Amino acid sequence: MSGDQHFTTGDGCRITYRRDGPDDRPVLVLSNSIATNLHMWDRSAPAFTRSFRLLRYDTRGHGGSEAPVGAYSLDRLGRDVVELLDVLNIDRAHFLGLSLGGFIGQWLGIFAPERIDRLILSNTSSYLASELPFDDQIRAVLAARDMEAIADGFMRNWFPATMLAAPNEIVDEFRTMVLTTPPRGLAGCYAALRDVDLRRTIALIAAPTLVIGGESDTVTRASHSEAIAAAIANAKLALLPGVHILNVEQMDRFNEEVASFLHAAP
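This one's a predicted model, so the numbers in the text were calculated from it and none came from an experiment.

1. Considering the pattern of salt bridges
Across all of its chains, the model carries 25 salt bridges by this definition. The shortest N-O distance in the salt bridge between Asp 11 and Arg 76 comes to 3.8 Å. Highlighted residues: Asp 11 in the loop between β1 (5–8) and β2 (14–20) and Arg 76 in helix α2 (residues 74–87), separated in sequence by 65 residues. Of the residues examined, Arg 76 reaches a relative accessible area of 9% and is grouped as buried.

Shown next, in the form of structure tokens:
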């Protein structure tokens, strides 16, 4: 495993990233959900690095990356990835994004198609603004004395009641990620989600695409995954029993779906 490294984007934001696995393998970029960081993929990394050069990064406003003040845009979050690929001289890569990372993946498939080989969109949506009160959430996170109540809300949305009912190491890890996310970084990404509607434009995505959804996901619902898969030509849909953070809740099944899709003949 490599340690964390950093680069600075064109607009002056320092982004943390790390690379793992053999240098001579195809690159797989992993993009985290809102209120987490690149460590949300730690449990999957050993399986993925058997076949891929893994490139993980902390989304702007999260983890070790800087959290500029103000609203972020999906355009900026997408360009952060393009600039990271440029810095590392990576022409093309596979991309797997979960939740917010899936929004970023959709943007890349639309606006940077020449950089993406295969695209995996997990537990995501192409439009959430009509269902989630993002302006209220921005005000709440910026006004909060601490992130405890916000972390509680995320845990209820991310994991099944069975995992929340008793002490659970995975839940504790993800809770800590939320608690250590800078409030202004969370607010900035809420603004990006508030301002985006990709429902029509994802029809432009030409990359081979796998859409993974959770049958019990209450935020990016299974119907959202179905809509994305229906809009993208020849997209494959996999609905798994589970909630939102399927890469840990259904790790073996999740990794299997990802690997079989990435290894499938063109």
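2. Topic: the pairing of strand β3 (residues 27–31)
For β3, a buried count of five out of five residues is recorded, marking the element as mostly surrounded by other parts of the structure. In this sheet, strand β4 (residues 53–57) lies alongside β3 in parallel orientation, the contact comprising five bridges. Along β4, the bridge assignment pairs Ser 31 with Tyr 57. In terms of strand pairing, β3 meets strand β5 (residues 93–98) through four bridges, oriented parallel. What sits directly across from Leu 28, in β5, is His 94.

3. Remarks on the environment of Gly 242
If you trace the backbone, Gly 242 turns up in the loop between β8 (236–240) and α10 (246–249). You can call Gly 242 buried: its relative accessible area is 7%. In this structure the C-alpha to C-alpha distance between Gly 242 and Asn 32, which are 210 residues apart in sequence, comes to 18 Å. Once you skip the residues sitting within four places of it in the chain, Gly 242 turns out to touch Gly 214, Glu 215, Ser 216, Asp 217 and Glu 249.

4. Section: the pairing of strand β6 (residues 116–122)
Burial analysis of β6 places six of its seven residues in the buried class, the great majority of the element. Pairing geometry for β5 and β6, over five bridges, is parallel. Of the residues in β6, the one forming a bridge with Leu 98 is Ser 122. Handedness of the crossover joining β5 and β6 through helix α3 (residues 100–111): right-handed.

5. Quick notes on the packing of helix α5 (residues 148–158) against helix α7 (residues 169–179)
In contact at an axis separation of 9 Å, α5 and α7 are set at 135 degrees when each is read in the N-to-C sense. In terms of axis orientation, α5 runs oblique to α7. α7 is crossed by α5, and the crossing has right-handed handedness. Of α7, the residues touching α5 (which contributes Glu 148, Ile 150, Ala 151, Asp 152, Phe 154, Met 155 and Trp 158) are Val 171, Phe 174, Arg 175, Val 178 and Leu 179. When grouped by side-chain class, the residues that make up the contact of α5 with α7 number nine nonpolar, no polar and three charged.

6. Digging into the environment of Leu 239
With respect to the secondary-structure elements, Leu 239 resides in strand β8. A sequence separation of 52 residues divides Leu 239 from Ala 187, and the C-alpha atoms of the two residues are 30 Å apart. Apart from the residues within four sequence positions on either side, Leu 239 is in contact with Gly 213, Glu 215, Ala 222, Ser 225, Glu 226 and Arg 253.

7. Topic: the nonpolar core
With 88 residues, the main nonpolar core has Phe 154, Phe 159 and Phe 174 as its most contacted residues. Here the element with the most residues in this core is helix α8 (residues 183–194); it accounts for seven residues.

8. Brief notes about the side chain of Ser 65
Inspection of the secondary structure puts Ser 65 in the loop between β4 and α2. A relative accessible area of 5% places Ser 65 in the buried class. Here Thr 16 takes part through its backbone nitrogen, which lies 2.9 Å from a polar atom of the side chain of Ser 65. Leaving out residues up to four positions away in the same chain, Ser 65 has contacts with Arg 14, Ile 15, Thr 16, Asp 58, Thr 59 and Arg 60.

What counts and how
Residues numbered from 1 in each chain as written. Predicted model: local features only at pLDDT ≥ 70, side-chain atom pairs only at ≥ 80, totals over all residues. Heavy atoms only, no water. Salt bridge = Lys/Arg side-chain N within 4 Å of Asp/Glu carboxyl O. Helix = DSSP H or I, 4+ residues; strand = E, 2+ residues; numbered from the N terminus. Buried < 20%, exposed > 50% of the residue type's maximum accessible area, 1.4 Å probe, protein only. Pairing = 2+ DSSP bridges. Contact = heavy atoms within 4.5 Å. Right-handed = clockwise from strand over helix to strand, strands pointing away. Axes fitted to C-alpha atoms, helices over the stretch in contact; angles between N-to-C directions. Parallel < 35°, antiparallel > 145°, perpendicular 65-115°, else oblique. Left-handed = near helix turned anticlockwise from the far one by under 90°. Nonpolar A, V, L, I, M, F, W, Y, C, P; charged D, E, K, R; others polar. Core = buried A, V, L, I, M, F, W, Y, C linked by side-chain atoms within 4.5 Å. Polar contact = N/O pair within 3.5 Å; in protein donor to acceptor, adjacent residues only side chain to side chain.

The analysis is restricted to geometry; functional conclusions fall outside its scope.
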